[in-house]
Structures are given as structure tokens and as C-alpha cells.
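In case you want the letters, here they are:
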Amino acid sequence: MRGRITAMMLVAVFALVSSLAWAADGAALYKSKGCAGCHGADGSGKPPKIPALKGTSLSEEQIATMLEKGNPDRKPPHNAPKASNAEEAKALATYVKSLK
């Protein structure tokens with residue numbers, strides 16, 4: 001029983017550390033991909049032309065999909081993919097959802 005609790009705690013700690021690492025990588029990508037240039041370092045945007053990212057109602061999965069695949073119905077630069085791969089998209093989405 002005690003071993004099982006220890007194992008569960010280790011898994012929980014690993015999950016927390018992993019999500020923090022994703023957010024840290026996402027912060028670097030947010031800057032290097034140019035997101036901060038328009039949406040601001042804190043994700044506040046410049047409404048109404050440039051939407052705020054902090055507090056977005058989009059899910060992490062929706063954000064990652066848009067970043068990975070682009071959206072042809074949107075204006076540049078969001079009509080084309082912004083992330084090089086699924087891992088980058090996930091890291092960016094995790095970071096965007098962490099903006100408060």
C-alpha cells in the first residue's frame with residue numbers, strides 16, 4: 001500500500017514538472033515565433049484589432065490545432081501554421097493557457 005502511494009505521488013510530481021517545462025518552452029517559443037510582438041508579452045493584445053490571449057476561452061487543444069495547422073479563414077499570420085510540429089504547438093498552447 002505504501003509503495004503504491006509513493007508511486008502515485010511520483011507520477012503526480014512528474015506530471016506537474018512536465019507541465020511547468022512545457023510552459024517554460026512555450027514562453028521561449030512565444031517570444032521567438034513573434035507572438036509577443038502583436039499579442040504582447042503578457043498576452044493582453046491590442047483589442048479590438050489584436051485579441052488578447054490571456055484568459056482565452058479556447059481550450060488548449062483548440063489553440064494547439066490552430067497553431068499546428070493554421071486556419072485558412074483567418075487573416076495572416078494565423079492562416080498558416082505557426083508551430084513547426086505538434087510538440088511546439090502543445091508547448092505554445094500550454095503557455096497561452098497559463099497567461100492570467
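Note that the structure is a prediction, hence the values are computed from the model and not measured.

Of regular secondary structure, the protein possesses four helices and zero strands. Along the protein, from the amino end to the carboxyl end, the secondary structure elements read α-α-α-α. Every one of the 100 residues in the protein was classed for burial, and the buried ones make up 28%. Restricting the contact set of the protein to residue pairs at least 6 apart, pairs at least 24 apart contribute 51%. As displayed, the protein has an accessible area near 6,800 Å², and 63% of this comes from carbon and sulfur atoms.

Another point: the pattern of salt bridges. Here the idea is simple: oppositely charged side chains can pair when their charged atoms come close. Across all of its chains, the model carries three salt bridges by this definition. Residue K90 is joined to E60 by a salt bridge in which the shortest nitrogen-to-oxygen separation is 2.7 Å. Of this pair, K90 sits in helix α4 (residues 86-98) while E60 sits in helix α3 (residues 60-69), placing them 30 residues apart in sequence. By relative accessible area, which is 36% here, K90 ends up partly exposed.

The final tally for this structure, using the stated rule, is one aromatic pair. Pairing Y30 with Y95 gives two aromatic rings, centres 5.2 Å apart and planes at 55°, and the pair type is tilted. In this pair, Y30 is assigned in helix α1 (residues 2-32) and Y95 in helix α4, connecting sequence segments 65 residues apart. Classification of Y95 as buried rests on a relative accessible area of 14%.

As a volume, the largest pocket reaches approximately 600 Å³. Put simply, the parts of the chain that give the lining of the largest pocket at least two residues each are α2 (35-39), α3 and α4. Residue classes in the lining of the largest pocket are distributed as 15 nonpolar, four polar and five charged.

Here P47 and P48 are connected by a cis peptide whose omega angle stands at 5°. By secondary structure assignment, the location of P48 is in the loop between α2 and α3.

Below, the discussion takes up the side chain of H39. Turning to its location among the elements, H39 is positioned in helix α2. Looking at H39, the relative accessible area reads 8%, which means it is buried. Residues within four places of H39 in sequence aside, it is in contact with Y30, S44, G45, I50, P51, L53 and H78.

Once that is clear, we can look at the confidence of the model for the protein. When pLDDT is averaged across the protein, the result is 84; 79% of the residues are at 70 or more. For the protein, α1 is the element with the lowest average pLDDT, namely 67, and α4 is the one with the highest, namely 94.

Cut-off values and rules
- The residue count restarts for each chain, going from 1 along the sequence in the order it is written.
- Per-residue local features are limited, in this predicted model, to residues with pLDDT of at least 70; the limit for side-chain atom pairs, both in listing and counting, is 80 or more; totals at the level of whole chains, interfaces and linings are taken over all residues.
- Where side-chain values are given, they derive from all heavy atoms of the structure, hydrogens and water being excluded.
- Secondary structure elements are defined from DSSP: runs of H or I of at least 4 residues count as helices, runs of E of at least 2 residues count as strands, and each element is numbered from the N terminus.
- Only protein chains enter the accessibility calculation, which uses a 1.4 Å probe; a residue is then buried when its area is under 20% of its type maximum, exposed when over 50%, and partly exposed in between.
- Contact criterion: two residues are considered in contact whenever any of their non-hydrogen atoms come within 4.5 Å of each other.
- Residue burial considers only the protein chains on display, and all accessible areas are found by Shrake-Rupley using a 1.4 Å probe.
- Take a side-chain nitrogen of Lys or Arg and a carboxyl oxygen of Asp or Glu: if they are within 4 Å of each other, that pair is a salt bridge.
- The pairing test for Phe, Tyr and Trp rings, Trp by its six-membered ring, is centres within 6.5 Å, and the orientation test on the planes gives stacked under 30 degrees, edge-to-face over 60, and tilted for anything in between.
- Buried and open spaces are told apart on a 1 Å grid over the protein atoms alone, a cavity being a set of points where a 1.4 Å probe fits but cannot get out and a pocket being an open set with protein on both sides within 12 Å along at least five of seven lines. Residues with an atom within 4 Å of a point are the lining residues.
- Grid points are joined across faces, edges and corners, and a volume is the space filled by probe spheres set on the points.
- Each residue is assigned to one of three groups, with Ala, Val, Leu, Ile, Met, Phe, Trp, Tyr, Cys and Pro labelled nonpolar, Asp, Glu, Lys and Arg labelled charged, and all others, Gly among them, labelled polar.
- A score from 0 to 100, pLDDT tells how confident the predictor is in each residue.

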